[in-house]
Structures are given as structure tokens and as C-alpha cells.
Amino acid sequence: MSLERINPAELSPATGFSHAVVATGSRLVFLAGQTALDGAGKVVGETLPEQFETALANLLSALAAAGGAPADLARVTVYAVDVAAYRVHAAELGRIWRRLAGRDYPAMAVIGVARLWDDQALVELDGTAVLP
């Protein structure tokens, strides 16, 4: 399995994401949306960065259970109830990402939503990974 991250010079600099990811492998893993739910199904964390960290950890736990690692992520979509707050906290969210998932960034998008399944949830992440 290999993932080739492509960031063409003619596009804006890719900071915290890759413009394109070419995946070659034999096993796709589709990761369901993860929010900041703890093991009991309760939303934890009051702030966007706290919830982002838990949601990302949950996504990576599901990936690990399927036999994958953060570097196997080809695509991640972030759903945020407040995109302006996401932009304000972007540097901190980037530090959380690098600490938990490293610097091999997948193709990513941040999408603003009116609300998530749980009223208290501020952010949700889903993704696709390619495993050998």
C-alpha cells in the first residue's frame, strides 16, 4: 500500500492538508463520523479543541481496530458547527492533529453544518483509509 500526497506548486500552499492523495492498495476502510463521545456515549469537552482531540482520537481508534494507522488516511472530512471558531483555533487544532496523527496529511475538507447528531457536539470527523 502506498499513499502519494500531491501538492501542485500552482495551487495555494497546503497547510494541514494535501490537495490530492493517490492511493494504491488492496483494502479500503470507510470510517464513520466520530464526535467527542466517551465510552459511555457522552459528549466530553467544552471547547472546540477539546472535542476535536477526542473526535480525532476516536477516529484513529476505529482505524487502528481495522488494522490501520494515521499515515493510511487518504481522506478526512471535518464537520464543524462554527467554521469561524474552527478558523480561530486552526493553529491549535493543527498541533493536536500532528501530535495524534503526524504530518502525513490526507486530503481534507471542513464543512459548516447547522448541528450534529448530539446537540453538545461541536465537531465530527469521518474518513477513508487505504491499507495494504
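Provided above is the structure to which this section pertains.
Residues numbered from 1 in each chain as written. Predicted model: local features only at pLDDT ≥ 70, side-chain atom pairs only at ≥ 80, totals over all residues. Heavy atoms only, no water.

Peer 1: Would you mind going over the environment of alanine 65 in detail, with residue names and values included?
Peer 2: Residue position: alanine 65 is located in helix α1 (residues 48-65). For alanine 65, a relative accessible area of 72% puts it in the exposed group. (Helix = DSSP H or I, 4+ residues; strand = E, 2+ residues; numbered from the N terminus. Buried < 20%, exposed > 50% of the residue type's maximum accessible area, 1.4 Å probe, protein only.)

Peer 1: Help me get a handle on the layout of surface pockets, residues and values and all.
Peer 2: Quantified by volume, the largest pocket comes out at close to 490 Å³. Around the largest pocket, the lining comprises 17 residues; the ones closest to its centre are Thr15, Gly16, Tyr86, Ala90 and Val110. For the lining of the largest pocket, the secondary structure elements donating two or more residues are α2 (83-88), α3 (90-101) and β5 (107-112). Sort the elements by how many residues they give to the lining of the largest pocket and α3 lands first, with 6 residues. Here the residues of the lining of the largest pocket sort into 12 nonpolar, 3 polar and 2 charged. (1 Å grid on protein atoms, 1.4 Å probe; cavity = no way out; pocket = protein on both sides within 12 Å on 5 of 7 lines; lining within 4 Å. Points joined across faces, edges and corners; volume = space filled by probe spheres on them. Nonpolar A, V, L, I, M, F, W, Y, C, P; charged D, E, K, R; others polar.)

Peer 1: Could you give me a rundown of the nonpolar core, with the residues and numbers involved?
Peer 2: Soluble globular proteins tend to bury their nonpolar side chains together. In this structure, Phe52, Leu73, Val76, Trp97 and Leu125 are the most contacted members of the largest nonpolar core, which totals 25 residues. When residues of this core are assigned to their parent elements, the largest contribution, 7 residues, is made by α1. (Core = buried A, V, L, I, M, F, W, Y, C linked by side-chain atoms within 4.5 Å.)

Peer 1: I'd like a description of the pattern of salt bridges, backed by residues and values.
Peer 2: Evaluation of the coordinates by the stated rule reveals 2 salt bridges. Here glutamate 53 and arginine 99 are joined by a salt bridge, their closest N and O atoms 3.0 Å apart. Of this pair, glutamate 53 sits in helix α1 while arginine 99 is found in helix α3, placing the two residues 46 residues apart along the sequence. Overall, the relative accessible area of 28% leaves glutamate 53 in the partly exposed class. Owing to a relative accessible area of 53%, arginine 99 belongs among the exposed residues under this scheme. A salt bridge links arginine 115 to aspartate 119; the nearest nitrogen and oxygen atoms lie 2.4 Å apart. Accessibility expressed as a relative area gives 64% for aspartate 119, which makes it exposed. (Salt bridge = Lys/Arg side-chain N within 4 Å of Asp/Glu carboxyl O.)

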